[in-house]
Each structure stands twice: as structure tokens, then as C-alpha cells.
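# Fold and geometry: a report
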Amino acid sequence: MAATYSLCYKKENAHDDSIWTVAWARNEKDHYENIVSGSVDDKVKCWRWQDNKLELQWTFEGHQLGIISVDINSDGSLAASSSLDSHIRIWDLEFGKQLRSIDAGAVDTWTLAFSPDSKFIATGSHSGAVNLYTVDNGNKENTLETHGKFTMSVAYSPDGRYLASGAIDGIVNIFDLQTGKLAHKLEGHAMAVRSLQFSFDSQYLATASDDTHIKLYDIHQAALVATFSGHSSWVLSVNFNPDNRQFVTSSSDKTVKVWDLVKRQCLHTFHDHTDQVWSAVYNDTGNKIVSVADDKNIHIYECPSNV
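Quick look at the structure, then.

Thresholds, definitions, all that
Residues numbered from 1 in each chain as written. Predicted model: local features only at pLDDT ≥ 70, side-chain atom pairs only at ≥ 80, totals over all residues. Heavy atoms only, no water. Helix = DSSP H or I, 4+ residues; strand = E, 2+ residues; numbered from the N terminus. Rg over C-alpha atoms; globule rule 2.2 N^0.38 Å. Buried < 20%, exposed > 50% of the residue type's maximum accessible area, 1.4 Å probe, protein only. Areas by Shrake-Rupley, 256 points an atom, 1.4 Å probe, with all protein chains shown as cover. Lys, Arg positive; Asp, Glu negative; His and termini not counted. Charge placed at Lys NZ, Arg CZ, Asp CG, Glu CD. Pairing = 2+ DSSP bridges. Polar contact = N/O pair within 3.5 Å; in protein donor to acceptor, adjacent residues only side chain to side chain. Contact = heavy atoms within 4.5 Å. Axes fitted to C-alpha atoms, helices over the stretch in contact; angles between N-to-C directions. Salt bridge = Lys/Arg side-chain N within 4 Å of Asp/Glu carboxyl O.

Across its full length, the protein chain carries zero helices and 28 strands. What you see for the protein chain is a C-alpha radius of gyration of 18 Å, in line with the 19 Å of a compact globule of 307 residues. Across its three principal directions, the C-alpha atoms of the protein chain cover 50 × 45 × 35 Å. Relative to its 307 residues, the protein chain shows a buried fraction of 58%. If you sum the accessible surface of the protein chain, you get close to 12200 Å²; carbon and sulfur atoms cover 45% of it. With 26 positive and 39 negative side-chain charges, the protein chain shows a separation of 1 Å between the mean positions of the two kinds.

Right, here's the structure in full:
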């Protein structure tokens with residue numbers, strides 16, 4: 001029997017307040033699947049997904065204010081978190097301890113992302129600049145100037161060539177990391193771009209905006225390929241399936257939607273959360289999605305692999 005879209009697990013009250021961010025990755029060393037969540041309750045939690053349920057592994061404390069963003073590095077050994085307290089913290093997921101705290105300066109960190117080689121962390125800032133920090137020592141390695149407004153989202157292309165940033169005014173900048181120069185400026189959105197991500201083959205960039213739309217760009221042509229509409233409020237996150245054929249979005253309209261890149265249509269909508277859904281991401285095989293929301297719950301969804 002073919003798998004169908006379904007809610008397969010729910011962790012209620014996973015945090016004491018709204019959950020704003022989540023990441024999912026497999027640790028290459030022990031092959032365990034870790035889900036890292038960050039909340040307005042100032043805590044970062046690491047959960048293990050095993051036997052179709054979530055078990056709390058670690059609760060990371062240290063941030064003084066709510067967690068804006070979390071990410072897990074490429075081999076699944078480290079997590080990074082950014083907070084309203086202007087600090088980035090790096091956590092060891094194997095031993096459950098903090099490795100490093102980086103003071104990014106007043107209001108100078110927002111969402112963050114590990115580089116594909118796990119050597120750097122990129123984070124947006126209120127000035128619009130994208131700052132790159134070295135994971136090993138926490139030093140600021142470089143600053144990419146957008147000459148724009150508050151950068152709300154950042155993403156690396158999996159091949160390591162590009163870094164994209166999305167701003168509060170809807171502008172998307174794509175930097176060529178080989179030259180350090182701005183390669184493309186995309187002006188497709190009219191409102192804040194809260195999330196963006198490259199496809200796993202580094203060919204496409206998906207952008208999610210408060211204007212309720214998701215846009216898909218061809219990176220090499222800097223051309224708009226498609227606009228996806230269906231959410232009735234802000235689109236808060238976008239994440240590609242590793243198969244490069246689908247992506248998932250979450251929204252203030254309390255839904256999680258799965259989209260088909262080829263057919264350019266919505267394949268399924270999950271209505272299980274009771275408040276705005278801040279983030280939804282795939283696991284490494286693309287057959288599950290985790291979502292987090294203002295309702296303090298973590299949901300795991302089953303997804304058919306071939307639709």
C-alpha cells in the first residue's frame with residue numbers, strides 16, 4: 001500500500017512558549033536522526049527521532065532571549081542557534097554541551113545557516129549586511145554588503161558557490177562566494193522574505209514571503225521560473241525535498257503545504273496546527289516533515305516519496 005500524507009506523531013507542549021525554528025539532520029557518526037528546535041522560551045532542545053517517536057536528548061540553556069533560528073551542520077554533529085540576545089551559540093549534539101558563544105553585537109544577528117563545508121556560519125543583520133563567522137574560533141571572517149534593508153533570511157547553495165539573503169522589503173540578493181561580489185538582485189516580492197532555500201542540485205532558489213507567495217528562480221539565469229500561490233497569510237518557511245521535485249512551506253495561516261516543482265501545484269495541505277507555523281523541514285530522505293508553531297507543538301508528517 002502506498003504511503004499517504006498523514007500526521008504520524010505529535011509532541012504537545014514541546015516548549016514552554018512559541019517554537020520559532022527547527023532543523024532535522026542525521027548524525028553521520030552514529031546515524032541517529034536529531035531534530036533541533038528553538039523557542040521564545042530561550043531554550044534550544046535536541047530531540048532524537050527513533051522508533052517513530054521523539055525523545056528529548058538535550059536542553060541547551062544560555063540564551064537570554066527567544067531563539068530566532070537553528071541549523072545543523074552537514075555531518076550532523078553540531079547545531080547553531082541565534083537569538084534576540086544578539087548571540088550565536090554552537091552546540092555539540094553528541095555530548096550535549098555548548099562549544100562556543102559568539103557575540104554578534106547589538107541587533108546584528110537574525111537567521112543563520114552553516115556553510116556546506118561546516119566551516120562558516122552566515123547570519124543576516126538589521127543593517128542588511130550578511131556576516132560570516134568561523135565555526136572553529138567564532139571570529140568574523142567576512143561581511144557581504146547588500147546596501148539594503150534588514151536581512152531576515154540566509155541560505156547557502158549546496159555546491160558552496162552562492163549565498164542568498166532575503167530582506168524585509170522583499171529584495172533577494174545572491175552573492176558569488178568565489179568572488180565575494182553580488183551576482184544577482186531579485187525583486188520579485190513586495191514584502192519581507194522570511195525564508196529561502198536552494199534546491200539540492202543548486203539549480204533553483206525558492207523564496208517565501210509575507211506577500212503570501214513563493215517564488216522559484218533559476219539561479220544561473222537569475223530568472224523567475226514560477227510563482228506558487230495558495231497560502232492565505234505570510235509564508236514563514238520554505239524547504240526543498242532532497243529529491244529536488246518537491247518543497248514544503250509553512251505559514252501564518254496555520255497550514256503546512258507540500259508543492260510539486262514540475263506540476264507547479266500544491267500536492268497536500270496539513271491543517272493540524274492551531275496557530276501560525278513558523279518552520280517546516282524535510283528529513284534527509286524526504287519521506288517525513290517536521291513542523292513547529294506558536295501552539296508549542298512539534299508535528300511529524302508522513303509523505304509519500306513518489307507522487
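It is worth spelling out the pairing of strand β6 (residues 67-72) at this point. Burial within β6 is extensive, with six of its six residues counted as buried. Pairing of β6 with strand β7 (residues 78-83) involves five bridges; the strand directions are antiparallel. Of the residues in β7, the one forming a bridge with Val70 is Ser81. The antiparallel pairing of β6 with β7 creates a hairpin that spans five residues between the two strands, and Gly76 there sits at a positive phi of about 80 degrees.

This next bit is on the side chain of Ser37. Within the fold, Ser37 resides in strand β3 (residues 33-39). Engagement of the side chain of Ser37 in a polar contact is seen with the side chain of Trp47, the distance being 2.9 Å. With residues near it in sequence (within four places) discarded, Ser37 still touches His15, Ile19, Thr21, Val22, Lys43, Val44, Lys45, Trp47 and Ile298.

The strands making up a sheet are joined through hydrogen bonds of the backbone, oriented either antiparallel or parallel. Read from one edge to the other, the open sheet built from four strands follows the order β10-β11-β12-β13, with strand pairing classed as antiparallel. Two strands lie at the open edges of the sheet, namely β10 (112-114) and β13 (140-144), each paired on one side alone. On average, each strand axis in the sheet is inclined to that of its neighbour by 20 degrees, with strand direction left out of account. Pairing of strand β11 (residues 120-124) with strand β12 (residues 130-134) involves five bridges; the strand directions are antiparallel. Along β12, the bridge assignment pairs Thr123 with Asn131.

Turning our attention to the sheet that holds β3. The sheet built from four strands is open, its strands ordered β2-β3-β4-β5 with antiparallel pairing. Looking along the sheet, the strands with just one partner apiece sit at the ends: β2 (19-26) and β5 (53-60). Ignoring strand direction, the axes of neighbouring strands in this sheet form an average angle of 25 degrees. For strand β4 (residues 44-50) and β5, the ladder comprises seven bridges, and the chain directions are antiparallel. Its bridge partner being in β5, Cys46 is matched across the sheet by Trp58.

Let's shift gears to the environment of Asp103. Within the secondary structure, Asp103 sits in strand β9 (residues 97-103). With a relative accessible area of 53%, Asp103 lands in the exposed category. When the C-alpha positions of Asp103 and Arg89 are compared, they lie 8.8 Å apart, and in sequence the two are 14 residues distant. Setting aside residues no more than four positions away along its own chain, Asp103 makes contact with Ser86 and His87.

Next up on the list: the pattern of salt bridges. Any two side chains of opposite charge can pair, given that their charged atoms come close. Under the defined criterion, the tally for this structure stands at seven salt bridges. Taking the shortest distance from any N to any O, the salt bridge between Arg161 and Asp176 comes out at 3.5 Å. With a gap of 15 residues between them, Arg161 in the loop between β14 (151-156) and β15 (162-167) and Asp176 in strand β16 (residues 172-176) connect regions that are remote in the sequence. Arg194 serves as the salt-bridge partner of Asp210, at 2.6 Å between the closest nitrogen and oxygen. With Asp210 in the loop between β19 (204-209) and β20 (213-218) and Arg194 in strand β18 (residues 193-198), the pair connects residues that are 16 residues apart, well separated along the chain. Among the charged side chains, a network of salt bridges with common partners joins Arg26, Glu33 and Asp284.

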